[in-house]
Amino acid sequence: MSSVSPDNNGAAEEIIRLQKFLARSGVASRRASEQLILDGRVAVNGAVVTELGTKVNPATDTVTVDGAEVLLQEESVTLMLNKPAGYVTTMDDPQGRACVASLIPLDAHPSLFPVGRLDRDTTGLLLFSTDGELGNKLLHPRHHVAKTYYALTQGVPTKEAISQLREGIELTDGMTAPAQVDLLEGDARTQALKLFSFDQKGASGTGNGAKKMLRARKNRGKEQAVVRLTIREGRNRQVRRMLEAVGCPVIALHRQSFGPLNLEGVARGTWRALTADELSVLMSL
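Keep in mind it's a predicted model, so treat the numbers as computed, not measured.

Procedures and definitions
Residues numbered from 1 in each chain as written. Predicted model: local features only at pLDDT ≥ 70, side-chain atom pairs only at ≥ 80, totals over all residues. Heavy atoms only, no water. Helix = DSSP H or I, 4+ residues; strand = E, 2+ residues; numbered from the N terminus. Buried < 20%, exposed > 50% of the residue type's maximum accessible area, 1.4 Å probe, protein only. Lys, Arg positive; Asp, Glu negative; His and termini not counted. Salt bridge = Lys/Arg side-chain N within 4 Å of Asp/Glu carboxyl O. Contact = heavy atoms within 4.5 Å. Core = buried A, V, L, I, M, F, W, Y, C linked by side-chain atoms within 4.5 Å.

## Details of the side chain of Lys83
Tracing the sequence through the fold places Lys83 in strand E7 (residues 78–83). At 6.7 Å, Asp121 is the nearest oppositely charged side chain to Lys83, a buried residue that forms no salt bridge. Leave out the neighbours within four places in its chain, and Lys83 touches Thr89, Val100, Leu118, Asp119, Arg120, Thr122, Thr123, Gly124, Leu126 and Arg268.

Below, the structure written as structure tokens:
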């Protein structure tokens, strides 16, 4: 472990845990950084480190991951993307599929990584940050950050189904927490449909899977519904599984907000950096 050393003004340099250093450097979230250490991919001053309790002095110690030096960034960058359908939430895809990395400014900020994920055909708000510690906090279950989705479903949820969703529903990985659920009608439904980029021919920009489901819906004569859900968990494909569990599979899904953030003014496929005030509110969560 590095010792505390004074700087030129006589103040002590900050000694921090190695995984926290990696997270603040934008390498990965703190949890993912811990795995990098356990896998023997991190070295301090040339020596491979595998103990999670290791501490470093950013001013005097040299940290590398897979041989590449890691430096603390003076200022972190966090942005929101209005994700289009058809992009996987990964920075590199071995299968050659379109990925969200092509939609954000990696040339200027190569340490950006997605905070959570959206399915390939799900559109909407996706956060990116160079601050792994912030990403870890936002995704940690104990913080219960609210996320609001709009879903176009095949079939209309009954009052009983909506009550089940609001109270919690049993999935294969356990009971969900209570959700805020509303069946949209009238102007609210009309405005929500615009979020899915539908045109008169069907689902434009929602993927071939959605178009096939629309054709299947017409063949069976079932109605569509637009449902707004706010959840405070982050399980894999959770909204889709919840609605499927009550007999209303999702045709199209869009995330409009993440905590206090929403996509107002951010066009599909574009991004904007968060303001200092927005970052402050996120940290306070």
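## Some words on the environment of Leu79
Assignment of secondary structure puts Leu79 in strand E7. Exposure remark for Leu79: the relative accessible area of 0% places this residue in the buried category. For the pair Leu79 and Leu112, spaced 33 residues apart in sequence, the C-alpha to C-alpha distance is 9.0 Å. Every residue in contact with Leu79, bar those within four places of it in the chain, is listed here: Ile104, Pro105, Leu112, Leu126, Leu127, Phe128, Trp271, Arg272, Ala273 and Leu274.

## A look at the nonpolar core
Counting 29 residues, the largest nonpolar core has Phe128, Leu165, Val181, Leu229, Val239, Met242 and Leu243 as the members making the most contacts within it. Take this core: its biggest share by element is four residues, from strand E16 (residues 224–231). Counting residues in each nonpolar core, the second largest holds 14 residues, with Val115, Leu125, Leu134 and Leu274 among its members.

## Here we look at the pattern of salt bridges
Counting across every chain of the model gives ten salt bridges. Between Asp93 and Arg97 there is a salt bridge, with the nearest N and O atoms lying 3.0 Å from each other. Note on Asp93: relative accessible area 10%, which makes it buried. In this structure, Arg272 engages Glu278 in a salt bridge whose closest nitrogen and oxygen atoms are separated by 2.7 Å. For Glu278, a relative accessible area of 18% puts it in the buried group. A single network of salt bridges, built from pairs that share partners, joins Arg117, Asp119, Arg237 and Arg240.

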